[in-house]
Amino acid sequence: MKNKDTVYVLYPFVANFGGIERLIVDLARYLDNRGKSLVLLAFQNLVNFADYGAPNLRVETISCQRSLRAEASVLKAYVREQGITSRSILAMEMRGAIYAGMAFEHGYSIHIADPPGLLPSDLAKYSFSLAGNYPELQNERTFVKRCRGQVVHWLTKRGVRKAGGVATMTQRNVEELQTAYGLRFEKIPPGVRVPETISKKSSPRSQIQFLSVCRLEPSKRIDAIIQCFARVVAEDESGVHFSLQIVGQGSQAESLKQLTREHQVEALVKFSGLVSDDELETAYSESDVFVMPARQGYGLPGLESLVRGLQLVVHRDSGVTEFLADMPQVQIVDNFDSSLTVAMKNASINAADSSEELPTVPTSDGWAEKICDLSGWS
């Protein structure tokens, strides 16, 4: 290791800013505040991390031929030439575990946010070894897919079992990963940055605004939000003025706008696209209910909304619900039709009458501190 105050994250391919990139920013900020530097090792990076609050994060993009063998070989040579020790490296996600197992000596750490069951395109769950773990995929397992999945499973397992410490986000993930790889994973829930001051909504409670913040992709079920929002508006008899703000961009932007026209609520729905941090804070401060119906591994925006005083509507299959039990500000739904509509109605009523104290939720610094403890960087 060239500098005892420099540590490394291996995240092989950074295509856009999402949940894992957010965790890397949180880790970089935490380390920077404690006099340490974080370097991101990647084969591809399309994100300017300075735009997301990590101006001192250095990115080392390693150029080489696109093949697993070639990339692992070049990565191995790079860490050797730079004098980087395995104990100073945190590999992110299952793909990071594969490269770590091929390129590094024992002792690095691994963080896996999304296990095979949460990754539609992952092949490991089709392997011979994991067939019993995912019986619902029985009819999809061709012989070729099983063979390819077995190779991916072997490579991932080797990477995981060479690690000095392994972590994931939720108890559901802990159980799936321990069954797959035979190691005890530590549960370290990601958290939010709690703002020093929180702007309160100034408009009357007779004006209820729903908010969604996510990529506009099918898996996020923004179409369900719009359809249920239209029902809430149509069925309301209280005279409340409802509005919906959708923050984010993605492949469904135009089709979702068309959906608002079909349901005749286009005048009540605002599509904001990508926004700055200040603009996002404004959106939170002007809103009453955050709606997050996607099935997902975690769901950090839901926690962000809670610490800013919003009501939250969230799907039961979001991993973050593990930390939201018995919170009066939270409505948990099981489907995208009637229960989502009812939950949005109930949340709007609670928002109008809300006097609850802000809940306590996991924080980004708490997550980063535990990751540093796991990796031996404290």
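All of these numbers come straight from a predicted model, not from anything done at the bench.

Caption draft 1: A look at unusual backbone geometry. At Glu-93, a residue that is not glycine, the phi angle is positive and equals roughly 75°. Along the polypeptide, Glu-93 turns up in helix α3 (residues 93-103). Even without glycine at this site, Arg-221 takes up a positive phi of about 55°. Note on Arg-221: relative accessible area 21%, which makes it partly exposed.

Caption draft 2: Structural context of the pairing of strand β3 (residues 37-42). Buried residues dominate β3, accounting for 5 of its 6 residues. Inspection of the sheet shows strand β1 (residues 6-10) paired to β3 by 5 bridges, in the parallel sense. Paired with Tyr-8 across the two strands is Val-39, which belongs to β3. When β3 meets strand β5 (residues 58-61), the two strands line up parallel, connected through 4 bridges. Across the sheet, the residue bridging to Leu-41 is Glu-60, located in β5.

Caption draft 3: Spatial organisation of the sheet that holds strand β9 (residues 186-187). Ordered in space as β5-β3-β1-β6-β7-β8-β9, the 7 strands form an open sheet in which the pairing is parallel. Edge strands, defined here as strands with exactly one partner in the open sheet, are β5 and β9. Here strand β6 (residues 89-92) pairs with strand β7 (residues 109-111) via 3 bridges, running parallel. Within β7, the position partnered with Ala-91 by the bridge is Ile-110. This element, α3, spans β1, β6 and β7 of the sheet and lies at about 130° to β6.

Caption draft 4: Molecular detail of a nonpolar patch on the surface. On the surface, a nonpolar cluster with roughly 340 Å² of combined accessible area is contributed by Phe-128, Phe-143 and Val-144. Inspection of the secondary structure puts Val-144 in helix α4 (residues 143-161). Residue classification places Val-144 among the exposed residues on the basis of a relative accessible area of 55%.

Caption draft 5: How the structure looks around the environment of Met-102. Among the secondary structure elements, Met-102 is positioned in helix α3. On the basis of relative accessible area, Met-102 is assigned to the partly exposed category, the value being 24%. As for Met-102 and Gly-83, which are separated by 19 residues in sequence, their C-alpha atoms are 17 Å apart.

Caption draft 6: How the structure looks around the packing of aromatic side chains. Considering all chains together, one arrives at 10 aromatic pairs under this definition. One aromatic cluster in this structure is built from Phe-13, Phe-43 and Tyr-99. Above the face of the Tyr-126 ring, Lys-145 is positioned so that its terminal group lies 4.5 Å from the ring centre. Over the aromatic face of Tyr-284 sits the side chain of Arg-308, whose NZ or CZ is 5.0 Å from the ring centroid.

Caption draft 7: Region of interest: helix α10 (residues 338-353). Taking 1.5 Å as the rise per residue, α10 with 16 residues should run 22 Å; its terminal C-alpha atoms sit 23 Å apart, in good agreement. Taken as a whole, α10 has its buried residues at Leu-340, Thr-341, Ala-343, Met-344, Ala-347, Ser-348 and Ala-351. Projected onto a plane normal to the axis of α10, the buried residues spread over an arc of 165° and lie on a single side. Exposed side chains of α10 directed beyond 90 degrees from the buried face belong to Ser-338 and Asp-353.

What counts and what doesn't
- Residues numbered from 1 in each chain as written.
- Predicted model: local features only at pLDDT ≥ 70, side-chain atom pairs only at ≥ 80, totals over all residues.
- Heavy atoms only, no water.
- Helix = DSSP H or I, 4+ residues; strand = E, 2+ residues; numbered from the N terminus.
- Buried < 20%, exposed > 50% of the residue type's maximum accessible area, 1.4 Å probe, protein only.
- Pairing = 2+ DSSP bridges.
- Contact = heavy atoms within 4.5 Å.
- Axes fitted to C-alpha atoms, helices over the stretch in contact; angles between N-to-C directions.
- Patch = residues over 30% accessible without salt bridge, like charges linked within 9 Å, V, L, I, M, F, W, Y side chains within 5 Å.
- Areas by Shrake-Rupley, 256 points an atom, 1.4 Å probe, with all protein chains shown as cover.
- Salt bridge = Lys/Arg side-chain N within 4 Å of Asp/Glu carboxyl O.
- Phe/Tyr/Trp six-rings, centres within 6.5 Å; stacked < 30°, edge-to-face > 60°.
- Lys NZ or Arg CZ within 6 Å of the ring centre and 35° of its normal.
- Expected span 1.5 Å × (residues − 1).
- Arc of directions from axis to C-beta.

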